[in-house]
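Here's the letter readout for the chains.
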Amino acid sequence: MATSLPPLPRDAFDPRAFTKSLDQGKTVQACKDAINHCTQYLHQQFRAGARAGLLLGQRAAFMDQLLGSLWDTHDWPESDISLVAVGGYGRGELHPHSDIDIMVLLGENDEDASGQIEAFLTRLWDIGLDIGHSVRTVQDCVDGAREDITILTNLMEARVLRGPETLMQDVRRRTGPKEMWPSAEFFRAKLEEQRARHHKFADTEYNLEPNVKGSPGGLRDLQIIGWIAERQFGVESLERLTTEEFLNADEMKVLVDGREFMWKVRYALHMVTGREEDRLLFDHQRELAKIWGLQDGDKLAVEKFMQDYYRWAQALGMLNEVLIQNFDQAFLTAAGDHDVLELNGRFQMRNGYIEARNDNVFKVDSSAILEVFLLSARNDAINGIAAPTIRLLRNSLHLIDDNFRASDINKRMFMDLLRSPYKLTRQLKRMLRYGVLGRYIPEFGSIIGQMQHDLFHAYTVDAHTLEVIENMRRFQIPEFAERFPVTARVTSRLPKIELLYLAGLFHDIGKGRGGDHSELGALDAQAFCESHGLSARDTKLVTWLVKSHLTMSAVSQRRDISDPDVILQFAQHVGDQNRLDYLFALTVADINGTNPTLWNAWRGSLLRQLYTETKRALRRGLENPVDKQEWIDETRYAAIDNLEYRGFTVEELEELWKERGEDYFLRERAEDIAWHTEAIAGHHDKSKPLVVLRSSIDSSVANTTQIFIHARSSAQLFPTICAQLEQLDLSVHDARIYNANDGMTLDTFSVLNTDGSSIAADAARLNHIRDHLAAALADNSDASDTVQRRTPRAKKSFSIPTETTMSVDEIKNYSVLEVATPDRPGLLARIGRIFVDFGIVLQAAKIQTLGERVEDVFFITDDKQQPITDQAICDAIQQAICEELDEQAAA
């Protein structure tokens, strides 16, 4: 793609002074000084508001002169060697710290120039340039381009800096579409390349830390368009696309302005980091918001900046889609493929794309705006909407007004869309991208591009919402049944799947307005359902689902779901099996759509356990709750049956269990009690702690490994164990502490690797963990020996203060301490030491890691096994925890 570089001001670079320095033999220092001076000049211009595109061209022009001058100091053959700029440098888009890609192009004569080439490249490295280089003959270029489309793409952007143009002209001729990679083949390869790249970024523009170069809607999407246009249509620059009738004037303005925005972001990233950095990391986002002159107000400055970024990324992503489709249709037309199928009087399908049969279709009947998506969702052969029809849609958005929304036809059409069999999520994403969804549901329009500035949510609110609905669709696809077997079966039984989709569409719609987003969203959902003709029963269900969408996750991960009272309370909240099924499907879809790393077998097992126990409670009848003593007796009898088979007598078991409290038999499963008991009975040296591991292969608790510890009770035991587990690179997901009357404690920890993976398959690691813990506990290792790793970069970007609450559970007769804080190394051990300082006895703990944030619940008493009721002491405990954790986070 031919590039004309802008002139370089003398204030940025003085060629005469530079040449004089070279003549004086000060080559290295002269080059370094020139590079530094030019960089500072361009940075000053950037901060003063100069266009980033201009600065990129000027930097490329500077580099041309610098490299050209150095090239001229060597004695090169006259006709058969050229210095060529390739890649981004060849395009004339040279960011402050981008690699400078060059190629030394050789002819076919036999004169050896290897010595001069080596000396030239060595000089470039000496002056500190980040050079990407290749040395190729014309034939090498031809062979490489035929095998690797990336090499071909680089050659398409080449500019000759020194030496004869004829060599490069020969390369272009011999690598043209008539010789290799015909245009259609090139197009398909580049399209597949783009799909693979988009997939790496979850196919969304809305990642919280996007890559301005590679993410969907980023600069690479524009480069893909340019390469295809040049290969097929000979278009020399993106600006020329409008003359080729691929983009109208408004779309071209969006392309040019959006590219300038992305260039500006990338330039700023390189400038503030001092390196080649294309990721908009959290700490960089704040810096760029300052450069943009944004200030905190109703929204944080960083949220305003990122919303601006997302909107540009979405706009460029849409243009990429329109142009790719235009190219696709052009290739099909050139091939003589004109497959047209009439759908109705308004629409037809051409080569897999639905298109309007005339340009006035939306003006004549505005309901056709929704009809185009409904037809696409009912016909699996429709791959997308034709580019001209997309333009008509966007130009008709003003028709979606109060009258449009009040139309019974449009209401029925939208509900029919939710009931459609094909590609529902894809239609909703298109409606979002083309501006239709935000206009039809104004409340949804307010969350478009709304950043959730934390480490818990991986996407913006609108992107998360559509990801949740996509998960709901996945539950109905056979290939996903293996990953979500229970959810798939539950979802298949739902009588009206569209009600689940509506709950997903509205569950987070109240965010960003202040107040409880579940309550606000429930009001919006109720109004929408009533206006769309849903029955009172269905409206009540959707409203309840939106209002309760966080409840099942909270109960499963923050309450003791082995307690029949907890199950009964949740069953009373749910009320019936139908609601339970809908809420379960919504909860699983929501967690998986929040952050891909959140879902694991442990979290899934908790939800399945809560679902199963609640289902039993509902089947039994809420008026017939299970008797707690009956629950305990059943567990004891089941454990006895298990152990009698292994040779134990009832008398022996009663003796072993006589110091156990009822909580142990209430909360533990019979099979776990059995292996605990057998391990204790076989441990003869009572002076040493017993440490036994049970892998997930044998465990009933998901993919966690259970670590069972039977040891002399002490205040230091819990923080010591946590500190040792942290050193072993393990994360605790559940902890149960049983203090017996004989001075011994039975502690059960359910653990995973810190990356969320299971350790079950690594027998050597399991043995090491057991031996390490046993030795540390036998030596009474100090709990202060906490891991001292620094808080990770991403977590330090969020100065979210620790939040705590304390309450008393009157039924269980203990205090409940809840701690919400960013995750960090050594967190549990630090909290455990504070418990020691205040004489707190830990009875149990529920450890919940939500992405990079933890919400831990501790069930505690004083040293007399009573709840802590003195408010002053409660305040002091919470203050100590907040001060300790927030001080560590800042380190």
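Residues numbered from 1 in each chain as written. Predicted model: local features only at pLDDT ≥ 70, side-chain atom pairs only at ≥ 80, totals over all residues. Heavy atoms only, no water.

> Residue-level account of the pattern of salt bridges, with values.
Enumeration according to the criterion identifies 48 salt bridges in this entry. Across the pair Glu519 and Lys547 runs a salt bridge, and its minimum N-O distance is 3.9 Å. You can see Glu519 sitting in helix α26 (residues 517-531) and its partner Lys547 sitting in helix α27 (residues 536-547), a full 28 residues away along the chain. For Lys547, a relative accessible area of 44% gives the class partly exposed. (Salt bridge = Lys/Arg side-chain N within 4 Å of Asp/Glu carboxyl O. Helix = DSSP H or I, 4+ residues; strand = E, 2+ residues; numbered from the N terminus. Buried < 20%, exposed > 50% of the residue type's maximum accessible area, 1.4 Å probe, protein only.)

> If you had to explain the pairing of strand β10 (residues 705-712) to someone new, which residues and values would you point to?
In terms of residue burial, β10 counts as a mostly covered element, since seven of its eight residues are buried. Both strand β9 (residues 690-694) and β10 contribute to a ladder of five bridges, which runs antiparallel. Counted as the bridge partner of Val692 is Phe708 from β10. As defined by bridge partners, β10 adjoins strand β12 (residues 744-753) across eight bridges and the pair is classed as antiparallel. (Pairing = 2+ DSSP bridges.)

> Would you mind going over the packing of helix α6 (residues 138-147) against helix α7 (residues 149-156) in detail, with residue names and values included?
Relative orientation of the contacting elements α6 and α7 amounts to 125°, with a least axis distance of 5 Å. The pairing of α6 with α7 is recorded here as oblique in orientation. Of the residues in α7, those touching α6 at Cys141, Gly144, Ala145 and Glu147 are Ile149, Ile151, Leu152 and Leu155. When its residues are assigned to classes, the contact of α6 with α7 shows six nonpolar, one polar and one charged. (Axes fitted to C-alpha atoms, helices over the stretch in contact; angles between N-to-C directions. Parallel < 35°, antiparallel > 145°, perpendicular 65-115°, else oblique. Contact = heavy atoms within 4.5 Å. Nonpolar A, V, L, I, M, F, W, Y, C, P; charged D, E, K, R; others polar.)

> Lay out the sheet that holds strand β3 (residues 131-137) in plain terms, naming residues and giving numbers.
Taking strand neighbours across the sheet as the criterion, the four strands line up as β3-β2-β1-β4 in an open arrangement whose pairing is mixed. Of all strands in the sheet, those bounded by a partner on one side alone are β3 and β4 (159-162). Averaged over all pairs of adjacent strands, the angle between their axes in this sheet comes to 30°, without regard to strand direction. Note: strand β1 (residues 81-85) against β4, three bridges, orientation antiparallel.

> Got a sec to walk through the environment of Glu659? Specific residues and values, please.
Within the fold, Glu659 resides in the loop between α33 (650-657) and α34 (662-667). Under the relative-accessibility criterion, Glu659 is labelled partly exposed at 22%. It is 9.1 Å that separates the C-alpha atoms of Glu659 and Asn739, two residues lying 80 residues apart in sequence. When neighbours within four sequence positions are excluded, Glu659 is seen to be in contact with Ala740, Asn741 and Asp742.

> So what's going on with the side chain of Arg91? Residues and values would help.
By secondary structure assignment, the location of Arg91 is in helix α4 (residues 87-91). Look at Arg91 and you get buried, because its relative accessible area is 14%. Of the polar contacts made by the side chain of Arg91, one reaches the side chain of Glu157; its length is 2.8 Å. (Polar contact = N/O pair within 3.5 Å; in protein donor to acceptor, adjacent residues only side chain to side chain.)

> Quick rundown of the sheet that holds strand β5 (residues 340-342)? Include the residues and the values.
Pairing is mixed across the open sheet formed by four strands, whose spatial order is β5-β6-β7-β8. With partners counted over all chains shown, the strands left at the sheet margins are β5 and β8 (384-385), one partner each. Relative to strand β6 (residues 347-350), helix α15 (residues 368-378) is tilted by about 40°, and along the sheet it contacts β6, β7 (353-356) and β8.

> Give a detailed account of helix α37 (residues 763-778), specifying residues and quantitative values.
The end-to-end C-alpha distance of α37 is 23 Å, a good match for the 22 Å that 16 residues give at a rise of 1.5 Å each. Those residues of α37 that fall on the buried side of the exposure criterion are Leu766, Ile769, Leu773, Ala776 and Leu777. Angular distribution of buried residues about the axis of α37 spans 110°; they occupy a single face of the element. Contacts from the buried residues of α37 go to β9, β10, α36 (717-727) and β11 (730-739). Where α37 ends, the next residue or the one after it, Asn780, has phi of about 55°, a positive value. (Expected span 1.5 Å × (residues − 1). Arc of directions from axis to C-beta.)

> Help me get a handle on the state of the cysteines, residues and values and all.
Counting across every chain of the model gives zero disulfides. Lacking any disulfide linkage, Cys722 is separated from the closest cysteine sulfur, that of Cys882, by 18 Å. Given the relative accessible area of 5%, Cys722 is considered buried. (Disulfide = S-S within 2.5 Å.)

> I'd like to hear about the packing of aromatic side chains, residue by residue, with values.
The final tally for this structure, using the stated rule, is 26 aromatic pairs. Relative to Trp312, the ring of Phe261 lies with its centre 6.2 Å away and its plane at 25°, an arrangement referred to as stacked. Here Phe261 is found in helix α11 (residues 249-273), whereas its partner Trp312 is found in helix α13 (residues 301-334), with 51 residues between them in sequence. Residue classification places Phe261 among the buried residues on the basis of a relative accessible area of 7%. For Trp312, a relative accessible area of 22% corresponds to the partly exposed category. An angle of 70° between the planes, with centres 5.9 Å apart, marks the rings of Trp675 and Phe708 as edge-to-face. (Phe/Tyr/Trp six-rings, centres within 6.5 Å; stacked < 30°, edge-to-face > 60°.)

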